[in-house]
Amino acid sequence: MITKRFLLKSLASTAAIGLALRGRSALAAETFAVTRTNVEWRKLLSAEQYAVLRQSATEQPYSSPLDREKRRGTFACAGCEQDLFSSTTKFDSGTGWPSFWAPIDDKAVGTESDTTFGMVRTSVHCGRCGGHLGHVFDDGPKPTGLRYCMNGVAMAFKPLAA
Ligand SMILES: [Zn+2]
């Protein structure tokens, strides 16, 4: 039995995800400002960064110091240095991965449907280099209701200058 309240919440969540997806085409059709060959990426990135950013791996939860990062500042792509998330939208999701309720602007990240591992999820990638960052879910806090669940190893933190 689906209650009206649940249905309304689901509809609102679907609308929020729809908004997040709008304006970004599927990854395969996207062109990125920063493009490199796999050989170049391997030289540029650590093995862990390469596995996440270029092969869509997921880091172990609680493994990234960025999960516990509480300072004000900006989280940038570890592949191309594009700013992705502000500390002002970071929250403790309790998942062990750095979590945000919105990207820093609507060009920072793109999304696409991800049906790997028998799940239907929405994966998130850097809007500048296409590097895989994590996934977005519709169980986040207000005001967006979104939870951008990110791999800390795919990002670099830039503290705000005091
Ligand atoms: Zn990038």
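Everything quoted here is computed from the prediction, not taken from an experiment.

K.L.:
Please clarify how the overall build of the protein should be interpreted in this entry.
P.N.:
Tallying secondary structure elements over the protein gives 3 helices and 9 strands in all. From first element to last, N terminus to C terminus, the protein shows the α and β order α-α-α-β-β-β-β-β-β-β-β-β. With 162 residues in all, the protein has 43% of them scored as buried. Accessible surface computed for the protein: about 9500 Å², of which carbon and sulfur atoms make up 57%.

K.L.:
Explain the packing of aromatic side chains here, please?
P.N.:
Any aromatic ring pair is given by two values, namely how distant the centres are and how the planes are angled relative to each other. On inspection of all chains with the given rule, the structure shows 4 aromatic pairs. Summarising the aromatic geometry, the rings of F75 and F157 are spaced 4.7 Å apart at their centres and angled 45° between planes, so their arrangement reads as tilted. Taken together, the residues F75 in strand β1 (residues 73-77) and F157 in strand β9 (residues 155-159) connect sequence positions 82 residues apart. Assigned by exposure class, F75 and F157 land together as buried.

K.L.:
For this particular structure, what's the right way to read the coordination of the zinc ion?
P.N.:
Angles at a metal have ideal values that depend on geometry: 109.5 degrees with four tetrahedral donors, 90 or 180 degrees with six octahedral donors. With distances of 2.3 to 2.4 Å, the protein atoms coordinating the zinc ion are C77 (SG), C80 (SG), C126 (SG) and C129 (SG). Bound by 4 donor atoms, the zinc ion shows angles of 99 to 114° at the metal and therefore tetrahedral coordination geometry. Of note, the donors binding the zinc ion are all from one chain and are spaced C-x2-C-x45-C-x2-C. Taken as a pair, C77 in strand β1 and C129 in the loop between β6 (121-126) and β7 (132-137) lie far apart in primary sequence, 52 residues in all. With respect to burial, C77 and C129 carry one shared label: buried.

K.L.:
I keep staring at the nonpolar core and nothing clicks. Help me out?
P.N.:
As a rule of thumb, soluble globular proteins bury nonpolar side chains together. With 26 residues, the main nonpolar core has L84, F85, V109, L133, Y148, M150 and M155 as its most contacted residues. Elements with a minimum of two residues in this core: α3 (47-53), β1, β2 (83-86), β6, β7, β8 (147-150) and β9. For this core, the element with the highest residue contribution is α3, accounting for 3 residues. For M150, the contacting residues outside a window of four places in its chain are E59, F85, W97, P98, F100, V124, L133, G134, H135 and M155.

K.L.:
So what exactly am I meant to see when it comes to the side chain of H125 here?
P.N.:
Mapped onto the fold, H125 is located in strand β6. Overall, H125 belongs to the buried group, its relative accessible area being 2%.

K.L.:
Hey, could you run me through the sheet that holds strand β3 (residues 90-91) in this one?
P.N.:
Backbone-to-backbone hydrogen bonds join strands into a sheet, with any given pair of strands oriented parallel or antiparallel. If you trace the 6 strands from one edge of the open sheet to the other, you get β3-β4-β8-β7-β6-β5, paired in antiparallel fashion. Two strands bound the open sheet, and with one partner strand each, they are β3 and β5 (109-114). Bridge analysis of β5 against β6 gives 6 bridges, and the strand direction is antiparallel. Following the sheet pairing, G110 is matched in β6 by H125.

K.L.:
In this structure, what is going on with the pairing of β2? I would like to understand it.
P.N.:
As a general feature of sheets, a regular strand has side chains that alternate between the two faces. The pairing of β1 with β2 spans 3 bridges and is classified as antiparallel. Looking at β2, one finds that F75 is bridged to F85. Here β1 folds back onto β2, and the loop between the two strands holds 5 residues, one of which, E81, carries a positive phi near 70°.

Rules of the game
- Residues numbered from 1 in each chain as written.
- Predicted model: local features only at pLDDT ≥ 70, side-chain atom pairs only at ≥ 80, totals over all residues.
- Heavy atoms only, no water.
- Helix = DSSP H or I, 4+ residues; strand = E, 2+ residues; numbered from the N terminus.
- Buried < 20%, exposed > 50% of the residue type's maximum accessible area, 1.4 Å probe, protein only.
- Areas by Shrake-Rupley, 256 points an atom, 1.4 Å probe, with all protein chains shown as cover.
- Phe/Tyr/Trp six-rings, centres within 6.5 Å; stacked < 30°, edge-to-face > 60°.
- Donors = N, O, S within 2.8 Å, 3.2 Å for Na, K, Ca; no water.
- Tetrahedral: all angles 85-135°; square planar, octahedral: opposite > 155°, others 65-115°.
- Core = buried A, V, L, I, M, F, W, Y, C linked by side-chain atoms within 4.5 Å.
- Contact = heavy atoms within 4.5 Å.
- Pairing = 2+ DSSP bridges.

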